[in-house]
Amino acid sequence: MALFGFVNRLLMHAKEATISSKVFNRRLTESTCKLNTPNRYEAKNKSFLMEETQEHLNKRFDGVEISKEYVDCRPRYPSTIFQTVLNFVNTSSTKDSASKKHSLAVDIGCGPGLMSTAYLAPYFDRVLGVDVSESQIEQASLNNKHTNIEYRVSKAESLPVENNSVTLIQAAAALHWLDHERFYKECDRVLVPGGVIAAFCYTVEGHSVIDHSKATEMTEVLTEIRKKVTSAENIYYIPRQKLVKERYTDPCIQIPYADRKRVDTEYMTIATTVSGLFRFYKSLSHVKPFIESCNENSEWWNACIQK
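Rules used throughout
Sequence order as written defines residue numbering, which begins from 1 separately in each chain. Local features in this predicted model are restricted to residues whose pLDDT is 70 or higher, and side-chain atom pairs enter the listing and the counts only when it is 80 or higher, whereas totals over whole chains, interfaces and linings include all residues. Side-chain numbers come from the whole structure's heavy atoms, not from hydrogens or water. Secondary structure elements follow DSSP: runs of H or I no shorter than four residues count as helices, runs of E no shorter than two count as strands, and numbering proceeds from the N terminus. The criterion used for residue contact is that any of the two residues' heavy atoms lie within 4.5 Å. Residue-level accessible areas treat just the shown protein chains as cover; the underlying method is Shrake-Rupley with a 1.4 Å probe. For a helix, the expected span equals 1.5 Å multiplied by the residue count minus one. Throughout this description, buried means an accessible area under 20% of the type-specific maximum (1.4 Å probe, protein chains only), exposed means over 50%, and partly exposed covers the range between. Criterion used throughout: strands pair if DSSP finds at least two bridges between them. When the strands point away from the viewer, a crossover counts as right-handed if the route from the first strand across the helix to the second turns clockwise. Only one rule defines a salt bridge in this text: a Lys or Arg side-chain nitrogen within 4 Å of an Asp or Glu carboxyl oxygen. Axes, fitted as lines to C-alpha atoms, cover a helix only where it is in contact. Angles between the N-to-C directions of the axes lie from 0 to 180 degrees. Put simply, angles under 35 degrees are roughly parallel, angles over 145 are roughly antiparallel, angles from 65 to 115 are roughly perpendicular, and the rest are oblique. Any residue outside Ala, Val, Leu, Ile, Met, Phe, Trp, Tyr, Cys, Pro, Asp, Glu, Lys and Arg is labelled polar, Gly included; the first ten of those are nonpolar and the last four are charged. Working definition: rings of Phe, Tyr and Trp (its six-membered ring) pair if their centres are within 6.5 Å, and the pair is stacked with planes under 30 degrees apart, edge-to-face with planes over 60 apart, and tilted otherwise. The rule is short: NZ of Lys or CZ of Arg within 6 Å of the ring centre and within 35 degrees of the ring normal puts a charge over the ring. Nonpolar cores are built from buried Ala, Val, Leu, Ile, Met, Phe, Trp, Tyr and Cys residues. Side-chain atoms within 4.5 Å join them into one set. On a range of 0 to 100, pLDDT expresses the predictor's confidence in each residue. Polar contacts, as counted here, are pairs of nitrogen or oxygen atoms within 3.5 Å of one another; within protein the pair requires one atom able to donate a hydrogen and one able to accept it, and residues that are adjacent in sequence qualify only if both atoms are side-chain atoms. Crossings are classed by handedness, with left-handed meaning an anticlockwise turn of the near helix from the far one by less than a right angle and right-handed meaning a clockwise turn.

K.L.:
What should I look at first to understand the overall build of the protein chain in this one?
P.N.:
For the protein chain, the count of helices and strands is eleven helices and nine strands. Excluding contacts between residues fewer than 6 apart, the proportion of contacts in the protein chain whose partners are at least 24 apart in sequence is 76%. When the accessible surface of the protein chain is split by element, carbon and sulfur atoms take 49% of a total near 14,800 Å².

As structure tokens, this is what we get:
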């Protein structure tokens, strides 16, 4: 049995009713960084010039096999994360007097819906989960057991909702994939006064193998994998993914609302098998293409499994 810890970093910001479009646009301009410029890599004596369009990036998450792997391998967030979000929402906006719930929540990059969207159902009249991947939305619809949740294929920067209609926009491990300037402008369009943007992510800080005669050796292999797939050797590990490693501290990703709260104290430890941990790693968007990019990487991965 292997235990691996995740550190969750939570950013929450409330939309101010008095914020003007002029001020909003100026602040966005100041905080925008160049994430879409080409990045040059040196690997195996070859120079790679890799510029992934947003459409190309979206394909990393599409496919029936990938969607099923998300269901089986991706961790569920602890309820304390969502309770922190809801507490912030409750202090920032009012509930509908008739239903005693908030009106509408939108979950960005919802994937198959089980990790983040479903938890919101009891607290909102309507919940909309959006993702750019058709296969993820199909899987989410199959998993859906809530009558007040709807899943739709949509970009986060162009949401299929009316102006001033959304109480909460949630982005679980998704904010770093977005065009931040366009996304925050869209949030300003759809959020009600006092509406909230909640964004959180997790990083793999380390591994601990227990109850195994070769625990030390196995831990070393898992550490090797973690370091290799996030190194410069992996051309699929692109700058925007480093925003996660930096725990959403980069100025370019900060939500441009004054009323804000940052939480750095949420941890979760998840028990899994070593095989389950390998499947989790392979479900990451920068790992599977790296393994499949050449025979050498595939052989390295298989050797790690054998160890």
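That covers the picture; the talk isn't over yet.
K.L.:
I tried to follow helix H4 (residues 79-92) on my own but got confused; where do I start?
P.N.:
An α-helical segment advances 3.6 residues per turn. Residues three or four places apart therefore align on the same side. Helix length check: H4, at 14 residues, gives a terminal C-alpha distance of 20 Å against a target of 20 Å (1.5 Å per residue), a fit within 8%. All buried positions along H4 are accounted for by Ile 81, Phe 82, Thr 84, Val 85, Leu 86, Phe 88, Val 89 and Ser 92.

K.L.:
How should I be thinking about the pairing of strand S6 (residues 149-153) in this particular structure?
P.N.:
Successive side chains on a regular strand alternate, one facing one side of the sheet and the next facing the other. Where strand S5 (residues 124-131) meets S6, five bridges bridge the pair, whose relative direction is parallel. Residue pairing for S6: Leu 128 is matched across the bridge by Glu 150. Taken together, S5, helix H5 (residues 134-143) and S6 form a β-α-β motif whose crossover is right-handed.

K.L.:
What is the right way to look at the pattern of salt bridges in this model?
P.N.:
Scanning the model with the defined rule gives six salt bridges in all. Across the salt bridge formed by Glu 150 and Arg 152, the nearest N and O atoms sit 4.0 Å from each other. The class for Glu 150 is partly exposed, based on a relative accessible area of 36%. Its relative accessible area of 35% is what places Arg 152 among the partly exposed residues.

K.L.:
What exactly am I supposed to notice about the packing of helix H7 (residues 215-229) against helix H9 (residues 274-283) here?
P.N.:
A pair of packed helices is captured by two measures, namely the crossing angle of their axes and the spacing between those axes. Direction vectors running N to C along H7 and H9 enclose 5°, while the axes themselves pass 12 Å from each other. It follows that H7 is roughly parallel to H9 by the angle criterion. Judged by residue contacts, Met 218, Leu 222, Ile 225 and Arg 226 of H7 engage Val 274, Leu 277, Phe 278 and Tyr 281 from H9. Looking at side-chain class alone, the contact of H7 with H9 contains seven nonpolar, no polar and one charged residues.

K.L.:
Even after reading the chapter, I still don't get the packing of aromatic side chains, so can you show me in this structure?
P.N.:
In this description, a pair of aromatic rings is defined by centroid distance and the angle of the planes. Applying the stated criterion across every chain yields a total of twelve aromatic pairs. Between Tyr 202 and Phe 280 the ring centres are 6.5 Å apart and the planes differ by 40°, which places this aromatic pair in the tilted class. Of this pair, Tyr 202 sits in strand S8 (residues 191-209) while Phe 280 sits in helix H9, placing them 78 residues apart in sequence. When its relative accessible area of 13% is taken as the criterion, Tyr 202 is described as buried. Assessed through its relative accessible area of 1%, Phe 280 is described here as buried. Taken together, the aromatic side chains of Tyr 77, Phe 82, Tyr 119, Tyr 123, Phe 200, Tyr 202, Phe 280 and Tyr 281 make up a single cluster linked through ring pairs. Here the basic side chain of Lys 228 rests over the ring of Trp 300, its NZ or CZ set 5.1 Å away from the ring centre.

K.L.:
When you look at the nonpolar core in this model, what are you seeing that I'm missing?
P.N.:
Considering soluble globular proteins, one finds that nonpolar side chains tend to be buried as a cluster. Among the nonpolar cores identified, the biggest contains 44 residues, and Tyr 77, Leu 168, Ile 225, Tyr 281 and Trp 301 are the most heavily contacted of them. The next biggest cluster of nonpolar side chains, apart from the first, holds 29 residues, and it includes Ile 108, Val 166, Ala 199 and Val 244.

K.L.:
What exactly am I supposed to notice about the confidence of the model for the protein chain here?
P.N.:
Reading fine detail from the predicted coordinates is not recommended where pLDDT is low. Counting all residues, the mean pLDDT for the protein chain is 77, and 74% of those residues have values of 70 or more. Mean pLDDT across the secondary structure elements of the protein chain bottoms out at helix H1 (residues 21-31), with 29, and peaks at S6, with 97. Contacts for the low-pLDDT stretch residues 1-10, under 50 throughout, to residues beyond four places or in other chains number 68 contacts. Note that residues 16-52 has pLDDT below 50 and, in this model, 65 contacts with residues that lie over four places away or in other chains.

K.L.:
What am I meant to see in unusual backbone geometry here?
P.N.:
Most peptide bonds adopt trans geometry, and most residues besides glycine take a negative phi value. Backbone geometry at Asn 164 places phi at a positive 50°, although glycine is not the residue there. Even without being glycine, Arg 247 reaches a positive phi, approximately 60°.

K.L.:
What exactly am I supposed to notice about the environment of Asn 143 here?
P.N.:
The topology assignment puts Asn 143 in helix H5. Residues Asn 143 and Ala 118 lie 25 residues apart in sequence; the distance between their C-alpha atoms is 9.5 Å. Within the structure, Asn 143 has its side chain in polar contact with the backbone oxygen of Pro 112 (distance 3.1 Å).

K.L.:
It is not clear to me how the pairing of S5 should be interpreted in this structure. Could you clarify?
P.N.:
A large share of S5 lies buried, amounting to six of its eight residues. The pairing of strand S4 (residues 102-108) with S5 spans six bridges and is parallel. When the sheet's bridge partners are listed, Asp 107 is paired in S5 with Gly 129.

K.L.:
In this structure, what is going on with the packing of H9 against helix H11 (residues 295-306)? I would like to understand it.
P.N.:
Following both chains from N to C, one finds H9 and H11 inclined at 160°, their axes separated by 11 Å at the closest point. Classified by the angle between their axes, H9 and H11 sit roughly antiparallel to one another. Viewed along their axes, H9 and H11 form a crossing whose handedness is right-handed. Residue-level inspection shows Phe 278, Tyr 281 and Lys 282 of H9 in contact with H11, the latter providing Trp 301, Cys 304 and Ile 305. Counted by class, the contact of H9 with H11 contains five nonpolar, no polar and one charged residues.

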